[in-house]
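Reading the structure
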Amino acid sequence: VHRRKADKFYKKIHHVKNMCRERDDVAGISIDFMQNLMHPVIPIQDTFYLRQLTYNIFNIHDLKSEKAVFYTYDETTAKKSPNEVCSFILSYINEYVSSSIRQFFLFSDGCAGQNKNHCLIRLMLALEAKGRFDSIHQYFPIRGHSYLPCDRDFSVVKRTVKKQDRVYLPLDYTELITSSSSKNAFTVH
């Protein structure tokens, strides 16, 4: 039963991808935070055990175009709370989603502190109430089966970061992500 529910979720993502490609009034995105990156990254073992500054990466993956938009910041700028998630999604919708889109699909993991909460649901309800979309559908995978399109984008970034033996500043991470985007469809904010 667990496996069938997971398969149903992945079939839904595939169905929405096809629907987005066939129709001009449908859009779908997948959202997720990447695992925290620490800095500085230097080849001294003692720094691993010290308190390091974290660098956060939030990804919005467009299911139609297969393009990813990364919102990056360090922990001195903001946290990883529902407020940031809602801000990133609203920014993305205002900048990248056409006003002709009437149906909107959102896929995310079931993290209650970031994606599965009142803030995000109220944002979606407000967008629908204001007439931005006719309908919004949000989907969460079964626990343990949350492999989303964002995770493929993260693996590209992780491979690029792994090749570097020294990262001193947050700007260095931004440059690494931008350099990995030359081969992929990434935008960094």
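Before going into details, it helps to say that this report is about the structure given with it.

Parameters and conventions
Residues numbered from 1 in each chain as written. Predicted model: local features only at pLDDT ≥ 70, side-chain atom pairs only at ≥ 80, totals over all residues. Heavy atoms only, no water. Helix = DSSP H or I, 4+ residues; strand = E, 2+ residues; numbered from the N terminus. Buried < 20%, exposed > 50% of the residue type's maximum accessible area, 1.4 Å probe, protein only. Lys, Arg positive; Asp, Glu negative; His and termini not counted. Salt bridge = Lys/Arg side-chain N within 4 Å of Asp/Glu carboxyl O. Contact = heavy atoms within 4.5 Å. Phe/Tyr/Trp six-rings, centres within 6.5 Å; stacked < 30°, edge-to-face > 60°. Core = buried A, V, L, I, M, F, W, Y, C linked by side-chain atoms within 4.5 Å.

Note on placement: Phe133 falls in the loop between helix H4 (118–129) and strand S6 (135–139). For the pair Phe133 and Gln103, spaced 30 residues apart in the sequence, the C-alpha separation amounts to 5.9 Å.

Glancing now at the side chain of Asp32. Locating Asp32 in the fold gives a position in strand S1 (residues 26–33). One buried charge, Asp32, has no salt-bridge partner; the nearest side chain with opposite charge is Lys80, at 7.8 Å. For Asp32, the contacting residues outside a window of four places in its chain are Ile57, Phe58, Asn59, Asp109, Cys150, Asp151 and Phe154.

Along the chain, Thr187 turns up in strand S7 (residues 186–188). Separated by 120 residues in the primary sequence, Thr187 and Lys67 place their C-alpha atoms 8.0 Å from one another. Discounting residues that sit within four places of it in the chain, Thr187 has contacts with Ala68, Val69, Phe70 and Tyr96.

To continue, consider the packing of aromatic side chains. Overall, the coordinates contain 11 aromatic pairs when judged by the stated rule. Each ring, one from Tyr71 and one from Phe88, has its centre 4.8 Å from the other, and the planes form 20 degrees; the classification is stacked. Pair noted here: Tyr71 is in strand S4 (residues 68–74) and Phe88 is in helix H3 (residues 82–96), with a separation of 17 residues, a long-range link. Each member of the pair, Tyr71 together with Phe88, is buried. Each ring, one from Tyr73 and one from Phe88, has its centre 5.7 Å from the other, and the planes form 40 degrees; the classification is tilted. Taken together, the residues Tyr73 in strand S4 and Phe88 in helix H3 connect sequence positions 15 residues apart. Accessibility classification places Tyr73 together with Phe88 in one group, the buried group. One aromatic cluster in this structure is built from Phe9, Tyr10, Phe105, Phe107 and Tyr139.

Another aspect to go through is the nonpolar core. Counting 26 residues, the largest nonpolar core has Ile89 and Phe104 as the members making the most contacts within it. Looking at this core, the element that brings in the most residues is H3, giving 6 residues. Other than its neighbours up to four places away in sequence, Ile89 contacts Ile31, Ile60, Leu120, Leu123 and Met124. Of all hydrophobic cores here, the second largest spans 15 residues; its members include Leu37, Ala68, Cys150 and Leu176.

Its location among the elements puts Val161 in helix H5 (residues 149–162). Owing to a relative accessible area of 13%, Val161 belongs among the buried residues under this scheme. With sequence-adjacent residues up to four places away left out, Val161 is seen in contact with Tyr173 and Leu176.

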